[in-house]
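Architecture at a glance
Each chain is listed here by its residues.
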Amino acid sequence: MILILDENTDAHSDEYRQLMERLSLLENIESRVHQIQGSERAVREIYLIGDTKVLQIDDMRALPCVAQAIRVSEEYRVLGRHKHDSRPAHFDYQGLRFGQDTLHVFAGLCAVDTREHVEEMMRALKDNGQQCTRMGAYKPRTSPYAFQGHGKECLPWVFELAGKYDIKVVAMEVTHESHAEEIRGALELTGNPTGIILQIGTRNTQNFELLKAVGRQTDYPVLIKRGFGITLDESLNAAEYLASEGNSKVVFALRGMKTNLGDPHRNFVDFAHVPVVKRLTRMPVCVDPSHSVGSRSSSPDGIFDAFHVTAQAIIAGANMVLVDFHPNPAKALVDGPQALKIDELPYFLEDVAIAREAYLKRAEASASFRDRH
Ligand code: PEP
Ligand code: MN
């Protein structure tokens, strides 16, 4: 069960003390308090964990400071959608809204290589009205001999360049909890020129200790990728690890599944699950066409496969696109074969806008059908 407290609850008030006393008397039930910082206000929630079936929802609603009590199913307690659950399906970060109703493109380098390439990418983003990007500094690689990313050394100049080109949010993968601290340190050193979404890659979707560590910090939202060889349910539970530790600013990303059935794509594209994740949870849903498709192949209509799957995801309501670009894909140190070229960025964004407009029209048609029936 989740208790959402009144907006103006003072943790030092008598009422709050009474509430906590009452909760401490509940047998076999543990209370975990979470403070959720929104752009305008802070909300305090208490998760009751354990034998909560015996609790009456009306009794809990009547407790001091309690505005709302929600009985949650076992599944995805914090991030899930539950009956009579009016919690929002969005969060705000760096002045941008990330929700199940918004769309952001995170085009950028799979891996940071040279300063020139990073600057060229950022300049192109700004020229095309973009405020977000992806930049990999810590790369999980199949071979231990492959380029592992520049790590913390590159962070200060990457962040400075992001600031120079008015990039508000950089999605950056972390593979160890120390990376989040290194990112924090570099941001502080450079005067916080940009914001960060910490990315959990598909190889770490079930790295529970990493999830717990990243979930304990609430300064940076988290983008968690679906595990490429596990069920959707297992991946959604992995996302729940982040939230159960206190960070519910979580975006869920589909990036394709590992199976030969998907040939000739690098992974079997799983974007049909966009509406499913939106139905089961309150997380915005991201898609990664680059790691799904894995190449610059195109169909007879001349449209890249990566564009096709992006459009398919957006027309089904996707909220974010994480996509690899590179000024010179032949020189990219990681995933060059799937990188789009910088001069293809305006065309990509145009295709995204066409698909988004179609989705909005579809949503409108659905609303008007429902009104009539
Ligand atoms: C990435 O986005 O750079 C990446 C490594 O993706 P994934 O974890 O989906 O393989
Ligand atoms: Mn990659």
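Remember, it's a predicted structure, so these values are computed and weren't measured experimentally.

Here we take up the coordination of the manganese ion (ligand 2). In the first shell of the manganese ion (ligand 2), the protein supplies Cys110 (SG), His291 (NE2) and Asp335 (OD), at 1.9 to 2.3 Å from the metal. Written as a sequence motif, the donor residues of the manganese ion (ligand 2) are C-x180-H-x43-D. In this pair, Cys110 sits in the loop between β7 (104–108) and α3 (115–127) while Asp335 sits in the loop between β14 (320–326) and β15 (340–341), placing the two residues 225 residues apart along the sequence. Accessibility assignment for this pair places Cys110 and Asp335 in one class, buried.

Around ligand 1, the neighbouring residues are Cys110, Arg134, Lys139, Glu173, Gln199, Gly201, Thr202, Arg203, Lys225, Arg255, Asp288 and His291. A distance of 2.8 Å separates an oxygen atom of ligand 1 from a polar atom in the side chain of Lys139. Contacts to ligand 1 include Thr202, whose backbone N or O atom sits 2.8 Å from an oxygen atom. Within the complex, 97% of the 290 Å² of free accessible area of ligand 1 lies under protein. Of the residues belonging to the shell around ligand 1, the class tally is 1 nonpolar, 4 polar and 7 charged.

This part is about the sheet that holds strand β2 (residues 29–37). Here we have 4 strands laid out as an open sheet, ordered β2-β3-β1-β4, and antiparallel in their pairing. The strands lining the two open edges of the sheet, one partner per strand, are β2 and β4 (66–70). Neighbour-to-neighbour, the strand axes of the sheet open up by a mean angle of 20°, direction not taken into account. Taken together, the 3 bridges between strand β1 (residues 2–5) and strand β3 (residues 42–50) define a ladder with antiparallel strand orientation. From the neighbouring strand, Ile4 faces β3, where its bridge partner is Glu45. Of the strands in this sheet, β1, β2, β3 and β4 touch helix α1 (residues 14–24), which is tilted by about 15° from β3.

For the rest of this paragraph, the subject is the domain arrangement of the protein. Looking at the assigned domains, one finds that the protein contains domain 1 (2–71) and domain 2 (93–372). Placing the centre of domain 1 and that of domain 2 at their C-alpha centroids yields a distance of 35 Å. Each side of the interface is counted separately: domain 1 has 5 residues, and domain 2 has 6 residues. Taking both partners together, domain 1 and domain 2 bury about 370 Å²; carbon and sulfur atoms supply 39% of that area. Linking domain 1 with domain 2 are 0 salt bridges, by the criterion used here. Where domain 1 packs against domain 2, one counts 1 residue pair in polar contact (both at pLDDT 80 or more). In the side of domain 1 that touches domain 2, the residues fall into 2 nonpolar, 2 polar and 1 charged.

Applying the stated criterion to the full structure yields 17 salt bridges. Across the pair Arg184 and Glu181 runs a salt bridge, and its minimum N-O distance is 3.3 Å. You can see Arg184 and its partner Glu181 sitting in helix α5 (residues 177–189), 3 residues apart, about one turn around the helix. The shortest N-O distance in the salt bridge between Glu344 and Arg296 comes to 2.9 Å. Highlighted residues: Glu344 in the loop between β15 and α11 (345–372) and Arg296 in the loop between α9 (289–293) and α10 (305–315), separated in sequence by 48 residues. On the accessibility criterion, Glu344 (12% relative accessible area) is buried. Residue Arg296 is classed as partly exposed on the basis of its relative accessible area, which comes to 24%. A single network of salt bridges, built from pairs that share partners, joins Glu181, Arg184 and Asp219.

Along α1, the positions that sit buried rather than exposed are Tyr16, Leu19 and Leu23. For α1, the angular spread of the buried residues around the axis is 60°, confining them to a single face. Across from the buried face of α1, at angles greater than 90 degrees, the exposed residues are Glu21 and Ser24. If you follow the buried residues of α1, they end up packed against β1, β2, β3, α2 (57–61) and β4.

Next up on the list: the side chain of Asn247. Inspection of the secondary structure assignment puts Asn247 in the loop between α7 (232–244) and β12 (250–254). Here Asn247 falls in the buried class, since its relative accessible area comes to 2%. Engagement of the side chain of Asn247 in a polar contact is seen with the backbone nitrogen of Lys249, the distance being 3.0 Å. Every residue in contact with Asn247, bar those within four places of it in the chain, is listed here: Val214, Gly215, Gln217, Thr218, Tyr220, Pro221, Val222 and Leu242.

Okay, the packing of helix α4 (residues 155–164) against α5 next. Two numbers describe how α4 lies on α5: the axes approach to 9 Å, and their chain directions differ by 55°. Overall, the two elements α4 and α5 adopt an arrangement that is oblique. For the pair α4 and α5, the crossing hand works out as right-handed. For the pair formed by α4 and α5, the contact residues are Leu155, Pro156 and Phe159 on the first element and Glu182, Ile183, Ala186, Leu187 and Leu189 on the second. Among the residues making up the contact of α4 with α5, the classes are represented as 7 nonpolar, no polar and 1 charged.

As a further point, take the nonpolar core. Side chains that are nonpolar tend, in soluble globular proteins, to be buried together. The biggest cluster of nonpolar side chains holds 94 residues, and the ones touching the most others in it are Met135, Ile183 and Phe348. Taken domain by domain, this core gets at least three of its residues from each of domain 1 (2–71) and domain 2 (93–372). The residues contacting Phe348, other than those within four sequence positions of it, are Val105, Phe307, Thr310, Val321, Val323, Phe325 and Leu340. Among the nonpolar cores identified, the runner-up in size contains 15 residues, and Leu3, Leu19, Cys65 and Val66 belong to it.

Cut-offs applied
- Residues numbered from 1 in each chain as written.
- Chains lettered and ligands numbered in written order.
- Predicted model: local features only at pLDDT ≥ 70, side-chain atom pairs only at ≥ 80, totals over all residues.
- Heavy atoms only, no water.
- Donors = N, O, S within 2.8 Å, 3.2 Å for Na, K, Ca; no water.
- Helix = DSSP H or I, 4+ residues; strand = E, 2+ residues; numbered from the N terminus.
- Buried < 20%, exposed > 50% of the residue type's maximum accessible area, 1.4 Å probe, protein only.
- Near = heavy atom within 4 Å.
- Polar contact = N/O pair within 3.5 Å; in protein donor to acceptor, adjacent residues only side chain to side chain.
- Areas by Shrake-Rupley, 256 points an atom, 1.4 Å probe, with all protein chains shown as cover.
- Nonpolar A, V, L, I, M, F, W, Y, C, P; charged D, E, K, R; others polar.
- Pairing = 2+ DSSP bridges.
- Axes fitted to C-alpha atoms, helices over the stretch in contact; angles between N-to-C directions.
- Contact = heavy atoms within 4.5 Å.
- Domains from an automatic or database assignment.
- Buried area = accessible area lost by both parts, 1.4 Å probe.
- Salt bridge = Lys/Arg side-chain N within 4 Å of Asp/Glu carboxyl O.
- Arc of directions from axis to C-beta.
- Parallel < 35°, antiparallel > 145°, perpendicular 65-115°, else oblique.
- Left-handed = near helix turned anticlockwise from the far one by under 90°.
- Core = buried A, V, L, I, M, F, W, Y, C linked by side-chain atoms within 4.5 Å.

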